[in-house]
Amino acid sequence: MGNLPKNFDFIVLGSGIAGLTFALKVAHAGKVAIITKKSRTESNTNYAQGGIAAVTSKNDSFESHVQDTVIAGSGLCKEEIVRSIVEEGPDRVEELINLGMKFSQRETENGDCELDLGKEGGHSNRRILHAKDVTGREIERALLNSIASNENICVFENHFAIDLITTQKLGLPNINRCVGVYVLNNETNLVETYSAKTVVLATGGCGKVYLYTSNPDIATGDGTAMSYRAGATISNMEFIQFHPTCLYHPKAKSFLISEAVRGEGAELLNLSGQRFMEKIHPLKSLAPRDIVARAIDSEMKRTGDDHVLLDITNKPARYIIDRFPNIYQTCLNFGLDITKEPIPVVPAAHYQCGGVQVSPNGETCINGLYAIGEVSCTGLHGANRLASNSLLEALVYAHRAANHSLNNPTLAIDADLPDWHSGDAIDADEMVVVSHNWDELRRTMWDYVGIVRTTKRLKRALTRVKNLQEEISDYYWDFTVTSDLLELRNLATVAELIVKSALQREESRGLHYTLDHPKTAENYAEKDTLIRLQ
Ligand code: SIN
């Protein structure tokens, strides 16, 4: 006797800014399930330090924000998409403020208060709305507060979405449509069936596919992998953004030193104290991220050092502590006083610029399935995301997807959803296989598919990823599923997508830099890399 499916009007996978905003916007029209694999606060959003890029100052303009985005994106941004997101930004930010989000304020010369706008790499104006250096945490607080008082929204924590249920998989005729999700309930270890007319992927990115990342442990590319298996089109996965400055300390796991620190005057130095960015780019330490990350990589290779330094000691201690309280305190906990000494930093995987290809309303090519936030590829980021544009994109696309799904309701399907079939699977007795493969995959990606690539290394990586996938697949079918195994399977799929996309792009552009094709090809402009399961 199977478990009865849990029926909802909307299923949202993920509890970051995109998923929570979508849920709040549709809850008046039906029952919403938010499914999240850990606790509700554990999302990439929660760790965002920088902020939301939006034009809110009279000294700024939409045109300037559009141009900064397009320049960072290295010829691959969809300009009409960029413009529409930038122009919609201020309204979405205002909604967030009305929900209770508290951005940092500053006092003007006349004693009034106004939003304190930060600066980050590639921006020609101050336009980053932030809550000191814990913007994501404050966003999550405000959104979760609103969710808590909404009776139509149920949050399922410690529930891991395994696979999308589609009409194609069910063998039903006509167009492919998403009708539900199989979910591992980590409290009971049972796989449950959830059904809904609208399913929204808001699962974030895949930083954990690399050995070193600024991302939290949850960033395992689940939504990208799941939708690829279900038949969605995946776009531009070669463009993985490496953040130039993560704390280099043996005990610091994934701790970011926000680009806002450079925005407020910090400089990059090599271990001999030289400012190596001066000869690389007119914006020096505040050049676009791809350029800074590559320059650090090359400086580390040139000197043989395993990190560089970021120095903010030119600013008064009181200012540093007030503007960057989280970074100051975290570094101090590691024995480093950033008001007195430079910060050791290294680049680390940070953001997935590609993802599930979506329409301007966040629709994927699978009916009833939307993708919003980092998991999606809208055309905003092109070949390199401009700092702090992602939270803006998440807000705008959550709004659009909500409106679109409300205005275009899909009909219920005339079939029962089958239970998850675990066959003869038994409990796994060799979890070491999972942890070994997990390490090997992440090291392979770091060594062969990092900041500087070659065709030979990419091909080597593909062979290793395929071997690992075979082992993972055997394991998957033989044993009952666990979160660790599911994450490993998703990471391996995402690794395959990144490597295959990188091999397809025979040029260097934005975040994809290969020694075999070091130039940006003219005829590749505006050409997305597309992959779809045959
Ligand atoms: C940062 O604070 O440097 C991260 C901001 C971003 O990735 O947009």
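Residues numbered from 1 in each chain as written. Predicted model: local features only at pLDDT ≥ 70, side-chain atom pairs only at ≥ 80, totals over all residues. Heavy atoms only, no water.

**Here's the deal with the site of the ligand**
- Around the ligand, the neighbouring residues are Gln 49, Gly 50, Glu 120, His 243, Leu 256, Ser 258, Glu 259, Arg 289, His 350, Arg 385, Ala 387 and Ser 388.
- Between an oxygen atom of the ligand and a side-chain N or O atom of His 243, the distance comes to 2.7 Å.
- At 2.7 Å from an oxygen atom of the ligand is found a side-chain nitrogen or oxygen belonging to Ser 258.
- Surface burial for the ligand is 93%, taken as the share of its 250 Å² of free accessible area covered by protein chains.
- Looking at side-chain class alone, the shell around the ligand contains two nonpolar, six polar and four charged residues. (Near = heavy atom within 4 Å. Polar contact = N/O pair within 3.5 Å; in protein donor to acceptor, adjacent residues only side chain to side chain. Areas by Shrake-Rupley, 256 points an atom, 1.4 Å probe, with all protein chains shown as cover. Nonpolar A, V, L, I, M, F, W, Y, C, P; charged D, E, K, R; others polar.)

**Considerations on the packing of helix 12 (residues 455-478) against helix 13 (residues 483-504)**
- Running from N to C, helix 12 and helix 13 cross one another at 155°; their axes reach a closest spacing of 9 Å. If you check the angle between helix 12 and helix 13, you find them roughly antiparallel. Once helix 12 is placed against helix 13, the crossing between them reads as left-handed. Within the contact between the two elements, helix 12 uses Thr 455, Leu 458, Lys 459, Ala 461, Leu 462, Val 465, Lys 466, Gln 469, Ile 472, Tyr 475 and Tyr 476 and helix 13 uses Leu 485, Leu 486, Leu 488, Arg 489, Ala 492, Thr 493, Ala 495, Glu 496, Val 499, Lys 500, Ala 502 and Leu 503.
- Taken together, the residues that form the contact of helix 12 with helix 13 break down as 15 nonpolar, three polar and five charged. (Axes fitted to C-alpha atoms, helices over the stretch in contact; angles between N-to-C directions. Helix = DSSP H or I, 4+ residues; strand = E, 2+ residues; numbered from the N terminus. Parallel < 35°, antiparallel > 145°, perpendicular 65-115°, else oblique. Left-handed = near helix turned anticlockwise from the far one by under 90°. Contact = heavy atoms within 4.5 Å.)

**Quick look at the state of the cysteines**
- The full count for this structure, using the stated rule, is zero disulfides.
- Cys 246 takes part in no disulfide bond, and the closest cysteine sulfur to it belongs to Cys 331, at a distance of 11 Å.
- Under the relative-accessibility criterion, Cys 246 is labelled buried at 4%. (Disulfide = S-S within 2.5 Å. Buried < 20%, exposed > 50% of the residue type's maximum accessible area, 1.4 Å probe, protein only.)

**Considerations on the sheet that holds strand 3 (residues 32-35)**
- Strand order across the open sheet formed by five strands is 9-3-2-13-20, with parallel pairing between neighbours. What marks the edges here is a single partner per strand, and that holds for strand 9 (153-156) and strand 20 (369-371). Adjacent strand axes in the sheet meet at a mean angle of 20° when their direction is disregarded.
- Strand direction decides the pairing type here: strand 2 (residues 10-13) and strand 3, joined by four bridges, are parallel. (Pairing = 2+ DSSP bridges.)

**Re the sheet that holds strand 4 (residues 52-53)**
- Strand order in the open sheet formed by three strands is 4-8-7, and the pairing between neighbours is antiparallel. For this open sheet the edge positions go to strand 4 and strand 7 (117-118), each flanked by a neighbour on one side alone.
- Sheet analysis places strand 4 next to strand 8 (residues 128-129), joined by two bridges and oriented antiparallel. Bridge pairing in strand 8 places Ile 52 opposite Leu 129.

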